[in-house]
Amino acid sequence: LSAPTGFGKSYVNAAFTSVIRSFYATPELVLINQIMRDPYLKSRFVEIKGRQNYHCFHEPRRGVHVGVCVTQDYACKERFEVCPYWIQKTRALNAQSVLMSLAYLISEGQTEDVSGTYLGTRDLLVLDESHNIEEQCLNHISVRITPFTIPHEIYNKIRPQLRKVKTENQLRELLGTIEARLETVMEQFKNESEVPGLSLKQTEEKQKIERYLANYEIYKSSHSEWVWEAAKEQLLLQPVFAKEFMEQLVWKRGEYYIISSATILDPQEYMETTGLAELLEEDEMCSLQVPSTFPVQNRPIIDAMVGPLSKQELKHNIDKAILAVEEILRKERGNVAIHCH
C-alpha cells in the first residue's frame, strides 16, 4: 500500500490487526510512539521493546540486558513474575497483535531455536514505513570492525593489521585473527561469570562479541557474494543483496503481509529487491497506490539549492544556505518546510 502522509495508513493497518493474530513492525520509533499515544489505536496492541528498555527487578539501576541473570551465572526462576521484560514478553505472546520495531522483529526471530518464549509466526505481518527494509536487513547482518563493535583492547591490537588490508587474503587473515582473539575473551568471560560474576563493562563487551561472532558466522556459512570496504581504520563487510536473507530475517514471521509506506516508488522493484518476488507467485501480490489528496497548487516544491552540505563542502556552502533560508522566510508568509540535505 503506497499512500501519502495523512492518508491514515496506521488506521487501515490496525483494522486488519484487530481481527487477526498479527505483528505490526516499523523501523520508525517515532511511529510506534505515535500509535501508543493515539487513544483509538493504543488499546489494540501490546508493545514489546528490547531488553535495554526495561529495568532489572534485582538491580533497578540496570537494564534487563545487563541484569543479574546476565552478569552472573544466575537462573532467575521467578522472572515471569518479577522481571518487567519477561512479563511484557508473556503479554505479547498471548496478545492478538504485537507492536514492535523492525530491529526487534529481526533479532527476536533469531531466537527461534533457543527461546521458550519465541513469539513465533503469525497470520499477518504488517510492515509500516518499511520502504528501506533492505538496508535495515543489510545493517543487521553486516560484519563491522570498529571501536564500537569489538572491545577496544582487541581493536587497538588489530589496528595495525587493519590498516594494511588491501586484498582478499589479507581480509581473511584479519578476520581469522579477530575471531581467535574474541573466542579467547569469551572463554575468559565464561569462567568469570561463575565466580564472582561479570562487571557491567564486561557484560556489554560480551554482548558486542556475541553479535559480531553471530554475523561473522552468517558470512562464513553464506554462499552469497559479499563486498568489503576499509577506510579510516574501520572495515565494513556485507552482502551485495539482502533479498537472499530476507525470508529468514523477516518474511518467515507471517503467512500474509501488508507493507505500507508513502515512498514505495516502484512496487515491482521493491518486491524483487526484498525477495518477495521469489517467495510468492505473481497472483499472490497486489500493489495499491493512492494518489495524494492535497491539491498540487498547495504543495509546490521549489528547488533553491545552493550546494551540498556534506562534511567536505559544509564550510564553503553554509553561509550561502543561511542566506537562502532567510530569503525564503522573507518571501513565504505561510507554513513552509525547508529541506537542507
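Our structure is the block above this text.
What comes next concerns the included structure. Every value quoted in this text rests on a predicted model; they were computed, and no experiment measured them.

Thresholds applied
- Counting of residues starts from 1 at the beginning of each chain's written sequence and follows it residue by residue.
- The predicted nature of this model means local features are confined to residues of pLDDT at least 70 and side-chain atom pairs, given and counted, to a pLDDT of 80 or more, with totals for whole chains, interfaces and linings taken over all residues.
- In computing side-chain values, all of the structure's heavy atoms are included and hydrogens and water are not.
- To sort residues, take the accessible area from a 1.4 Å probe on protein chains only and compare it with the maximum for the residue type: under 20% means buried, over 50% means exposed, and anything in between is partly exposed.
- Only DSSP runs of H or I reaching four residues or more are called helices, and only runs of E reaching two or more are called strands; each is numbered from the N terminus.
- By this definition, two strands are paired if DSSP reports at least two bridges between them.
- In this scheme, a helix's expected span is set at 1.5 Å multiplied by one less than its residue total.
- Any two residues whose heavy atoms approach within 4.5 Å are treated as being in contact.
- For the charge count, each Lys or Arg is scored as positive and each Asp or Glu as negative, with His and the chain ends excluded.
- Salt bridge, as used here: a side-chain nitrogen of Lys or Arg that lies within 4 Å of a carboxyl oxygen of Asp or Glu.
- Here a polar contact is recorded for every N or O atom pair within 3.5 Å, except that within protein the pair must consist of a potential hydrogen donor and a potential acceptor, and residues adjacent in sequence are included only if both atoms are side-chain atoms.
- Arc definition: directions from the helix axis to the C-beta atoms.
- The method works on a 1 Å grid over the protein atoms by themselves. A cavity is a set of points holding a 1.4 Å probe that cannot get out, a pocket is an open set with protein on both sides within 12 Å along at least five of seven lines, and residues with an atom within 4 Å of a point line them.
- Grid points are joined across faces, edges and corners, and a volume is the space filled by probe spheres set on the points.
- Under this grouping Gly is polar, as are all residues other than the nonpolar Ala, Val, Leu, Ile, Met, Phe, Trp, Tyr, Cys and Pro and the charged Asp, Glu, Lys and Arg.
- Classification of ring pairs rests on two measures: the distance between centres of Phe, Tyr or Trp rings, Trp counted by its six-membered ring, which must be within 6.5 Å, and the angle between planes, read as stacked under 30 degrees, edge-to-face over 60 and tilted in between.

Put simply, side chains in a regular strand alternate between the two faces of the sheet. Judged by how many residues are buried, strand E1 (residues 22-26) sits mostly within the fold: 5 of 5 residues are covered. Burial along E1 is two-sided: the face carrying Ser 22, Tyr 24 and Thr 26 and the face carrying Phe 23 and Ala 25 are both buried. Judged from the 5 bridges that link them, E1 and strand E3 (residues 97-101) form a sheet pairing that is parallel. Paired with Ala 25 across the two strands is Met 100, which belongs to E3. Alignment of E1 against strand E4 (residues 122-128), held across 4 bridges, turns out to be parallel. Bridging across to E4, Ser 22 finds its partner in Leu 124.

Turning to unusual backbone geometry, a few remarks are in order. One non-glycine residue, Lys 232, lies in the positive phi region at around 55°. Looking at the secondary structure, you find Lys 232 in the loop between strand E6 (226-231) and strand E7 (234-239). Phi angles above zero are rare outside glycine, and Glu 233 is one such case at about 60°. Assignment of secondary structure puts Glu 233 in the loop between E6 and E7. Classification of Glu 233 as partly exposed rests on a relative accessible area of 28%.

What follows covers helix H14 (residues 314-331). The periodicity of an α-helix, 3.6 residues per turn, causes residues three or four places apart in sequence to face the same way. Here H14 contains 18 residues, and its C-alpha end-to-end distance of 25 Å stays within 8% of the 26 Å for a straight helix at 1.5 Å per residue. Those residues of H14 lying buried are Asn 317, Ala 321 and Ala 324.

This paragraph deals with the environment of Gly 254. With respect to the helices and strands, Gly 254 occurs in strand E8 (residues 254-260). Judged by its relative accessible area of 8%, Gly 254 is buried. Setting aside residues up to four positions removed in sequence, Gly 254 forms contacts with Thr 121, Arg 122, Asp 123 and Leu 125.

Before going further, it helps to examine the side chain of Arg 122. The residue Arg 122 is located in strand E4 in this model. Although Arg 122 is buried, it forms no salt bridge, and the closest oppositely charged side chain is Asp 123 at an N-O distance of 8.1 Å. Of note is the side chain of Arg 122, whose polar atom sits 3.0 Å from the backbone oxygen of Gln 96. Filtering out sequence-adjacent residues up to four positions away, Arg 122 remains in contact with Arg 21, Ser 22, Phe 23, Ala 92, Leu 93, Ala 95, Gln 96, Ser 97, Val 98, Arg 253, Gly 254 and Glu 255.

Let us look at the sheet that holds strand E2 (residues 46-47). The 5 strands are arranged E2-E3-E1-E4-E8 in an open sheet whose pairing can be described as parallel. Of all strands in the sheet, those bounded by a partner on one side alone are E2 and E8.

Moving on: helix H1 (residues 9-17). Along H1, the residues that are buried comprise Lys 9, Ser 10, Asn 13, Ala 14 and Thr 17. End-on view of H1: buried residues confined to an arc of 130°, all on one side of the axis.

To locate leftover empty space, one rolls a probe as large as a water molecule over the atoms. Overall, the coordinates contain 1 cavity of 30 Å³ or more when judged by the stated rule. Size it by volume and the largest cavity reaches roughly 100 Å³. Lining the largest cavity are 13 residues, and of these Cys 56, His 58, Cys 69, Cys 76 and Cys 83 lie nearest its centre. Taken together, the elements giving at least two residues each to the lining of the largest cavity come down to helix H3 (68-71) and helix H4 (79-82). Residues that form the lining of the largest cavity fall into these classes: 10 nonpolar, 2 polar and 1 charged.

This part covers the environment of Thr 111. Mapped onto the fold, Thr 111 is located in the loop between helix H6 (102-109) and E4. Given a relative accessible area of 22%, Thr 111 falls into the partly exposed group. Separated by 117 residues in the primary sequence, Thr 111 and Trp 228 have C-alpha atoms spaced 28 Å apart. Polar contacts involving the side chain of Thr 111 include one to the main-chain carbonyl oxygen of Glu 108, which spans 2.6 Å.

Moving on, we come to the packing of aromatic side chains. Taken as a whole, this structure holds 9 aromatic pairs when the rule is applied. Residues Tyr 212 and Tyr 216 carry aromatic rings whose centres are separated by 6.2 Å and whose planes lie at 20° to one another, so their mutual orientation is stacked. Here Tyr 212 pairs with Tyr 216, and both are found in helix H10 (residues 200-221), just 4 residues apart, close to one helical turn. The pair formed by Tyr 212 and Tyr 216 is uniform in burial state, with each residue classed as buried.

Purely geometric numbers; function is a separate question.
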